[in-house]
Amino acid sequence: MDPRLHYFHCDDLQRFPEIGENRGDLAKKFFDWYGAVFADGALSAREKSLIALAVAHAVQCPYCIEAYSTDALRQGADLDQMTEAVHVAAAIRGGSSLMHGVQMRNHAERLGM
Amino acid sequence: MARGTLPSLAARGAPLSSPAAQLARLRAVPIDREFPEALTRAGRWPLRPSRLEILQINVGKVCNQTCRHCHVDAGPDRTESMSRETMEQCLRALAGTEIATVDLTGGAPELNPHFRWLVEELRGLGLHVMDRCNLTVLQTAPHRDLVDFFARHRVEVVASLPHVRALGTDRQRGEGVYEASIAALKRLNAVGYGDGRSGLRLVLVTNPVGAFLPGNQASLEAEWKRELFRVHGIRFDALYTLANLPISRFLEWLETSGNLESYLQHLVQAFNPATVPGLMCRNTLSVGWDGRLYDCDFNQMLELGVDSPVGHIARFDLAALEQREVRVARHCFGCTAGAGSSCGGAVT
């Protein structure tokens, strides 16, 4: 099968800057802001990288998972810490689903006898 | 102490124990440009030394550990060790120069039988002495008193600790290394190392545990200081982040793990011209266990001797050495990637 017929291509991660080939002014604003977001601040670069890794799993973005798995290692996280971050994402996703069960119950109670 | 250590490449008779085979393997990887071309584009070719500030003496390949990434292919099964005669040649060379710092490395330099004598002689010349210490050697029975020896002779301890936690440290350096390293650091702290007041300088050195470049040195240092003090009550002065160069055992691991091409290509893509002025090959000269001279410890392991008639410490001639060009090959991309890497950590 033509590899380009897949939706996700790992090589595309390196091509992210190409998004600036049109409306480069907007891309510049994004990348400048993006860089500032991940700099050391009240949170360390490592902590931000672990948050990004967790969010990457929550939004299920394979590019982000690859990028922030590498970045978290570079920033000094280890596999235990990265796994805990993924569990945080999974817990929020699972908890969110379960919490919506209350909405289900409210609706069922309204309709039921 | 490290358990389950592996034999060195040399002891296994592995093809990559040969420097020529290592260089050939690197040459087989498709990359966009060669190192001289990258330097030329940056206006930095040819690469010449600046003022010689540091003599780095590799006193041998004997080590009590067999770390998976070791560029020296050091280990307990190695026998190469600098003789007292070669050390005397180093001392004679140093006495005639303004070189202020001597950087002792190995292997575990402390396992050379003449190590303490050399340190005493160097300090007697009024030189600043750095010891590249794997920490666990300080926990072995014959060497426990080195902590006091270092303090007495005001040796700067530059200690390897790849990760602030046990998982990555033991994965790279062997089971039990983290625990022994923490115990050694506590003993160094107990005699004043790392307290910021005693003048006993304690530096930690981290190499990435895998096929990626180190993160920001200042950011990691702040995290490590906070975390090591919080968990273990340990203090240290500075953290150096070093990139792993694709040679020797790290090269073997890159190849067997399928990371070689992408890692080398990443190093090439991450070439940073701003790192060139601060490269260690410019202000440091490397002496091998047998007295031969090299531009750096990596060139030493690849047997790329200095491009100069002065090839041995016995014939040391600073003026002649300053005229040389630094010998380069593809592994040099490891020192120029990202923030750069040298024996003193990031260079930008």
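Residues numbered from 1 in each chain as written. Chains lettered and ligands numbered in written order. Predicted model: local features only at pLDDT ≥ 70, side-chain atom pairs only at ≥ 80, totals over all residues. Heavy atoms only, no water.

## Examining the overall build of chain B
The following threshold applies: Strands are runs of DSSP state E lasting at least two residues, helices are runs of H or I lasting at least four, and both sets are numbered from the N terminus onward. Using C-alpha atoms as the atom set, the radius of gyration is obtained and then compared with a globule rule of 2.2 Å times the number of residues to the power 0.38. Three labels apply to residues, based on accessible area from a 1.4 Å probe with only protein chains included: buried if under 20% of the type maximum, exposed if over 50%, partly exposed otherwise in between. Residue contacts follow a heavy-atom distance rule, with two residues in contact if any of their heavy atoms lie within 4.5 Å. Using a 1.4 Å probe, the Shrake-Rupley method yields the accessible areas, and only the shown protein chains count as cover for residues. Charged-residue counts in this description rest on Lys and Arg as positive and Asp and Glu as negative, His and the chain ends being excluded. In this description, the location of a charge corresponds to atom NZ of lysine, CZ of arginine, CG of aspartate or CD of glutamate.
The secondary structure content of chain B amounts to 15 helices and eight strands. Taking 20 Å as the expected radius of gyration for a compact globule of 348 residues, we find that chain B reaches 19 Å, a close match to that expectation. In terms of overall dimensions, chain B has C-alpha extents of about 50 × 45 × 40 Å along its principal axes. In chain B, which comprises 348 residues, the proportion classed as buried is 59%. Residue pairs in contact within chain B that sit at least 24 positions apart in sequence constitute 75% of those at least 6 positions apart. As displayed, chain B has an accessible area near 13,400 Å², and 49% of this comes from carbon and sulfur atoms. Of the side-chain charges in chain B, 38 are positive and 37 negative, and the distance between the mean point of each set is 4 Å.

## Some thoughts on the sheet that holds strand β3 (residues 128-133) of chain B
Residue and element names in this part refer to chain B. The condition that has to hold: Note on pairing: two strands pair once DSSP finds at least 2 bridges between them.
In space, the eight strands of this open sheet follow the order β6-β5-β4-β3-β2-β1-β7-β8, with mixed pairing throughout. Among the strands making up the open sheet, the edge pair consists of β6 (238-241) and β8 (293-294). Examined bridge by bridge, strand β5 (residues 202-206) and β6 share four bridges and lie parallel to one another. In the sheet register, L204 faces β6, and the bridge partner there is L239.

## With respect to the interface of chain B and chain A
Note: interface size is frequently given as the accessible area lost on complex formation between the parts. Keep this limit in mind: Defined here as a combined quantity, buried area equals the accessible surface (1.4 Å probe) lost by two parts on assembly, summed across both. For salt bridges, the criterion is a side-chain nitrogen of Lys or Arg within 4 Å of an Asp or Glu carboxyl oxygen. Polar contact is the term for a pair of N or O atoms within 3.5 Å; when the atoms are in protein, one must be able to donate a hydrogen and the other to accept it, and sequence-neighboring residues count only if both atoms are side-chain atoms. Each residue gets one of three labels, nonpolar for Ala, Val, Leu, Ile, Met, Phe, Trp, Tyr, Cys and Pro, charged for Asp, Glu, Lys and Arg, and polar for the others, Gly among them.
Taken together, the 13 residues of chain B in the interface contact 15 residues of chain A. Summed over both sides, the interface between chain B and chain A buries roughly 1,200 Å², with carbon and sulfur atoms accounting for 46% of that surface. Of all residues in chain B, R165, F212 and E223 of chain B give up the largest surface area on contact with chain A, accounting jointly for 38% of the area buried on that side. For the pair chain B and chain A, the interface holds three salt bridges. When the shortest N-O distance is used, the salt bridge between E223 of chain B and R46 of chain A registers 2.8 Å. The interface formed by chain B and chain A contains nine residue pairs in polar contact (both at pLDDT 80 or more). Of all elements in the fold, only α7 (166-173) and α9 (217-232) of chain B reach the threshold of two or more residues within the side of chain B that touches chain A. Here the side of chain B that touches chain A takes four residues from α9 of chain B, the largest share from any one element. In terms of residue class, the side of chain B that touches chain A is built from five nonpolar, four polar and four charged.

## Structural notes on the packing of helix α4 (residues 84-95) of chain B against helix α5 (residues 115-124) of chain B
Residues and elements named next belong to chain B. How we decide: Here the axes come from fitting lines to C-alpha atoms, over the contacting stretch only for helices, and the angles between their N-to-C directions go from 0 to 180 degrees. Roughly parallel here means an angle under 35 degrees, roughly antiparallel means over 145, roughly perpendicular means 65 to 115, and every remaining angle is called oblique. In this scheme the handedness of a crossing depends on how the near helix is turned from the far one: anticlockwise by less than a right angle means left-handed, clockwise means right-handed.
Running from amino to carboxyl end, α4 crosses α5 at an angle of 15°, the nearest separation of the two axes being 11 Å. As the angle between them shows, α4 and α5 are arranged roughly parallel. Crossing of α4 against α5: the hand is right-handed. The segment α4 lies against α5, with R84, M87, E88, L91 and L94 engaging W117, L118, E121 and L122. Among the residues making up the contact of α4 with α5, the classes are represented as six nonpolar, no polar and three charged.

## Considering the side chain of T105 of chain B
All names here are of chain B. One can find T105 in strand β2 (residues 101-105). Among the residues examined, T105 registers a relative accessible area of 8% and is labelled buried. Sequence-distant contacts of T105, defined by excluding residues within four places in its chain, comprise Q56, I57, N58, V59, G60, R132 and D297.

## Side note on the nonpolar core
All names here are of chain B. The condition that has to hold: By convention a nonpolar core is built from buried Ala, Val, Leu, Ile, Met, Phe, Trp, Tyr and Cys residues, the set being connected through side-chain atoms within 4.5 Å.
L138 and L228 are the most contacted members of the largest nonpolar core, which totals 57 residues. Dropping the residues within four chain positions of it, L228 is found in contact with L161, V164, Y178, I182, L204, G233, I234 and F236. Grouped together as the second largest cluster of nonpolar side chains are 47 residues, V29, C63, F250 and A270 included.

## Structural notes on unusual backbone geometry
Note that the residue after W45 of chain B, namely P46 of chain B, is joined by a cis bond; omega there is 0°. For the peptide bond that leads from G106 of chain B to G107 of chain B, omega is 20°, which places it in the cis range. Unusually for a residue other than glycine, R23 of chain A sits at a positive phi of about 50°. Along the polypeptide, R23 of chain A turns up in the segment before α1 (24-37). By relative accessible area, which is 53% here, R23 of chain A ends up exposed. Phi at L135 of chain B is positive, roughly 70°, even though this residue is not glycine.

## A word on the side chain of N207 of chain B
All names here are of chain B. Take N207: it is sitting in the loop between β5 and α9. Note on N207: relative accessible area 12%, which makes it buried. A distance of 2.8 Å separates the side chain of N207 from the side chain of N244, its partner in a polar contact. If we skip the residues at most four places from it in the chain, N207 touches H69, P162, Q172, L242, A243 and N244.

## Some thoughts on helix α2 (residues 19-27) of chain B
Residue and element names in this part refer to chain B. Note the following rule: Taken from the helix axis, the directions to the C-beta atoms give the arc we talk about.
Regarding α2, the residues found buried are P19, Q22, L23 and L26. Burial along α2 is one-sided: seen end-on, the buried residues are contained in an arc of 95°. Against the buried residues of α2 lie α10 (248-256), α11 (260-269) and α13 (297-301).

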